[in-house]
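A closer look at the structure
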Amino acid sequence: MNKLYERLSNYTLEDALNLELKDRQFIALEKLWKKLLDKELFLALTISNSIICYQLSWKWENYWEEFSDYFTAIEVDRFNFLDKLSFFISQSKNNKRFVSTKQWRIEKIRPFIDNFFWKGEYYYKNMTQLRDELSKTMKQKKDAKTIVFAVKMFWYSSRTLFDFIEYPEDVSIPIDSRLSNLFEIYKWEYEDINLFYSDLSNNLKISPLHLDWIVWNLYEKLIVK
């Protein structure tokens, strides 16, 4: 890990925040917010879409732009958005795999969403609790990729609505193929990938979800040891 730490040691939280503003996923959410102008609906729709973001057919940025374009073009409200999300998945060009399973996941999150409204800002101030409740609802581990990714995207949406709060330090980084590849290169004596990135985060003093975009942005350089 020391070698990876050295290569990232000049990066700060401010660098992460500036990079996040350039993320096409963040920009897509900003566009959607300008259409919806309903904080709770915006946040609930973001979370619901996040839990079906896996095994995409194309790049994640393309999918979130497609999602934003779709919901910007139609009329949607708090009572029908999950049904419309389910229909959107059946038509999506960038999320074609395991459609029926993803529609089932939308139904599975419905009880949580029914109790979500009017709690958006509360969950922003208590993102660890949001993770725990999503984990319980979806019956997944707290460090499952879709669970922590949902927290990440919820924060992206919340950042446009509320005063700034950092990601909590105890929410894991979403482990994907890039992070797995870097782990294999730099792991040294580590066997647990989540512990590896947690320790790296602590050493850099950048919480795991903020560290995520730095690593993504630098991946091509970091993969060359």
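Residues numbered from 1 in each chain as written. Predicted model: local features only at pLDDT ≥ 70, side-chain atom pairs only at ≥ 80, totals over all residues. Heavy atoms only, no water.

The final tally for this structure, using the stated rule, is 26 aromatic pairs. Between the aromatic rings of Trp 60 and Phe 149, the centroid separation amounts to 4.8 Å while the plane-to-plane angle is 75 degrees, which identifies the pairing as edge-to-face. Of this pair, Trp 60 sits in helix H5 (residues 60-73) while Phe 149 is found in helix H10 (residues 145-159), placing the two residues 89 residues apart along the sequence. A network of ring pairs unites the aromatic residues Trp 60, Tyr 63, Trp 64, Phe 67, Tyr 70, Phe 71, Phe 88 and Phe 149 as a single cluster. Against the face of Tyr 54 rests Lys 102, its NZ or CZ located 4.8 Å from the ring centre. Across from the ring centre of Phe 26, 5.7 Å away, lies the NZ or CZ of Arg 159, which sits over that ring. (Phe/Tyr/Trp six-rings, centres within 6.5 Å; stacked < 30°, edge-to-face > 60°. Helix = DSSP H or I, 4+ residues; strand = E, 2+ residues; numbered from the N terminus. Lys NZ or Arg CZ within 6 Å of the ring centre and 35° of its normal.)

A few words on the environment of Glu 66. Turning to its location among the elements, Glu 66 is positioned in helix H5. With 29 residues separating them along the chain, Glu 66 and Asn 95 place their C-alpha atoms 9.7 Å apart. The contacts of Glu 66, once residues within four sequence positions are left out, are Phe 88, Gln 91, Ser 92, Lys 93 and Asn 94. (Contact = heavy atoms within 4.5 Å.)

Put simply, helix H3 (residues 24-36) and H10 touch, their axes get as near as 9 Å, and they point 55 degrees apart. Considering the angle they form, H3 stands oblique to H10. The way H3 lies across H10 gives a crossing that is right-handed. Contacts between H3 and H10 pair Gln 25, Phe 26 and Leu 29 from the former with Phe 149, Met 153, Tyr 156, Ser 157 and Arg 159 from the latter. Broken down by class, the residue content of the contact of H3 with H10 amounts to five nonpolar, two polar and one charged. (Axes fitted to C-alpha atoms, helices over the stretch in contact; angles between N-to-C directions. Parallel < 35°, antiparallel > 145°, perpendicular 65-115°, else oblique. Left-handed = near helix turned anticlockwise from the far one by under 90°. Nonpolar A, V, L, I, M, F, W, Y, C, P; charged D, E, K, R; others polar.)

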